[in-house]
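Here is what each chain is made of, one letter per residue.
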Number of protein chains: 2
Amino acid sequence: MKSKIKIILADDHAVLRAGLKLLLNNEPDFIVVGETSDGEKVLALLEELTADVLIIDLSMPNMGGLECIKEIKSRGYPIKILVLTMYEDEQYIKEAMRSGALGYVEKHAVDTELFIAVKTVNMGQRYLNPHNSQLLLNSLLTNTPKESADDPYTLLSPREREVLKYMVRGYSMSQTGKMLCLSVKTVDTYKTRMMEKLGLTEKSQLVDYALKYDLLPAKSE
Amino acid sequence: MKSKIKIILADDHAVLRAGLKLLLNNEPDFIVVGETSDGEKVLALLEELTADVLIIDLSMPNMGGLECIKEIKSRGYPIKILVLTMYEDEQYIKEAMRSGALGYVEKHAVDTELFIAVKTVNMGQRYLNPHNSQLLLNSLLTNTPKESADDPYTLLSPREREVLKYMVRGYSMSQTGKMLCLSVKTVDTYKTRMMEKLGLTEKSQLVDYALKYDLLPAKSE
DNA sequence: ATTAATGTAAGATAAATTCCTACATTATGA
DNA sequence: TCATAATGTAGGAATTTATCTTACATTAAT
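What comes next concerns the included structure.

Conventions adopted
- Residues numbered from 1 in each chain as written.
- Chains lettered and ligands numbered in written order.
- Predicted model: local features only at pLDDT ≥ 70, side-chain atom pairs only at ≥ 80, totals over all residues.
- Heavy atoms only, no water.
- Pairing = 2+ DSSP bridges.
- Helix = DSSP H or I, 4+ residues; strand = E, 2+ residues; numbered from the N terminus.
- Contact = heavy atoms within 4.5 Å.
- Axes fitted to C-alpha atoms, helices over the stretch in contact; angles between N-to-C directions.
- Near = heavy atom within 4 Å.
- Polar contact = N/O pair within 3.5 Å; in protein donor to acceptor, adjacent residues only side chain to side chain.
- Nonpolar A, V, L, I, M, F, W, Y, C, P; charged D, E, K, R; others polar.
- Expected span 1.5 Å × (residues − 1).
- Buried < 20%, exposed > 50% of the residue type's maximum accessible area, 1.4 Å probe, protein only.
- Arc of directions from axis to C-beta.

Brief notes about the sheet that holds strand 5 (residues 103-106) of chain A
Residues and elements named next belong to chain A.
So, point 1. What the six strands build is an open sheet, ordered 2-1-3-4-5-6; its pairing is parallel. With one partner strand each, in any of the chains shown, strand 2 (30-36) and strand 6 (127-128) form the two edges of the open sheet.
So, point 2. Two elements, strand 1 (residues 5-10) and strand 3 (residues 53-56), share four bridges in a ladder whose sense is parallel. Within strand 3, the position partnered with L9 by the bridge is I55.
So, point 3. Sitting on the sheet, helix 5 (residues 111-122) touches strand 1, strand 2, strand 3, strand 4 (80-85), strand 5 and strand 6, and the angle it makes with strand 4 is about 155°.

Here you go:
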């Protein structure tokens, strides 16, 4: 009988950590040997015990996940690192992978994907979320530090973004035009171009897009 | 032997949900009878099954937690609502409590606190994170004894809110009409009535209003 | 039982959007 | 560096949408 994969959990949400621990311990192949909510304490833990895989959240107090990963690598611990986070921000993933993480799983993922990811990185192989792997591998390999493929700050021109912000807030084209001292026609052009660039056909999709990229103002109380 | 407390889980992070489910099911007093990652599906679930407590995350796709809570209340489901979130933003907590949540637990909390919270709200009593309870109780009691005068759930009719949601998401009147199987004219009437009720003159003000009251869907990653 | 609110919708008119085209002015890549 | 793509700007005509007004049946409330 082969031995279980020893896991350390690092996530600052205690109740979720507890659930995750149970989830993993419930599987015959895994055993959680340590857990912590704090980046610095991860390093302390590694002094005390050995484990095969570290499942780490990028956002933790004291020492962020990224920093922690770098430190682990620079100290030469042989532990495999699997990043578990809710951001699917490509920037973060790339940074984490470059820093020495072997794999990346979103919190949105289901349990089975987590299990597979743990096993994969435990074998020393990379694991990337299927959704991101294509893009990521490309951008990791080509080493182009450009932002995510549909990021508004790379895809849309400044003026277009400006117009977008007004439009999605319910301003009509003419109103937007007035706000920005542009002809309605110009606003129209921007809108058309944005739709083309983003491959959209409905105004509501533009709103979705703006929502996705936080282009709407924060809730004002 | 008294029956277990039936729980529905609503959190968009599947792997965490799985852990949480195991954590709760592991306790003799609880049983998770349903789970979902989506605000709208919470409502669908409530149609299908009955449960005692809904544990809900505030940030979910399609329909944010706040909106979802309000809708549950407006539909009159007797389920007790416990908010589980990582934000310790007082504003959010207040809003959630005002909207009808009975309790609030941070994801940072340990499992035992979660258990206590579930039991507390199940009895119909409020549960507030010890850290926040002081502040909150105060501001809940002093600052807002009344439903805020322009709350959409007191001012607007259900159908009006429905229409509003589509309109502010960039759907045209005709599109909204199609979505809701209404004549454009009917949609028009609702819009006009809402504007009158709220004393607004511009569509953009409607969007602001929706933004203020979380009537837009949460950012979908 | 009468009024107020709600859910529904049509017609005529006014306004906004769409589609196509156009043209300087930068960037930018070959 | 020279062609080409991207950007910022806008007009006209055709079409779609929105607005304003009015209407009516059904509940909810007083």
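Moving on from the model shown.
Quick look at the protein's contact with DNA strand D
So, point 1. Close to DNA strand D lie 18 residues, the nearest being S157, T189, Y190 and K197 of chain A together with K191 of chain B.
So, point 2. Each atom of DNA strand D within 4 Å of the protein belongs either to a base or to sugar and phosphate, the latter forming 49%.
So, point 3. Between DNA strand D and S157 of chain A there is a distance of 2.3 Å, counted from a phosphate oxygen to a side-chain nitrogen or oxygen.
So, point 4. Contact distances for DNA strand D include 2.5 Å between a phosphate oxygen and a side-chain N or O atom of K191 of chain B.
So, point 5. Listed by contribution, the elements that provide at least two residues to the surface near DNA strand D are helix 8 (158-168) and helix 10 (184-198) of chain A together with helix 9 (173-180) and helix 10 (184-198) of chain B.
So, point 6. Looking at the surface near DNA strand D element by element, the count peaks at six residues for helix 10 of chain A.
So, point 7. Of the residues in the surface near DNA strand D, the class split is four nonpolar, six polar and eight charged.

Notes on helix 10 of chain B
Residue and element names in this part refer to chain B.
So, point 1. An ideal rise of 1.5 Å per residue puts 21 Å on 15 residues; helix 10 measures up with 21 Å between its terminal C-alpha atoms.
So, point 2. Taken together, the buried positions of helix 10 are occupied by V187, Y190, K191, M194, M195 and L198. All buried residues of helix 10 fall inside an arc of 130° around its axis, so they share one side. Opposite the packed face of helix 10, turned more than 90 degrees from it, sit the exposed residues K185 and E196.
So, point 3. The N-terminus of helix 10 is capped by S183, whose side-chain oxygen sits 2.9 Å from the backbone nitrogen of K185.

A few points about unusual backbone geometry
Residues and elements named next belong to chain A.
So, point 1. Phi at C181 takes a positive value of approximately 55°, unusual for a residue other than glycine.
So, point 2. Structurally, the position occupied by C181 is in the loop between helix 9 (173-180) and helix 10.
So, point 3. Accessibility expressed as a relative area gives 70% for C181, which makes it exposed.

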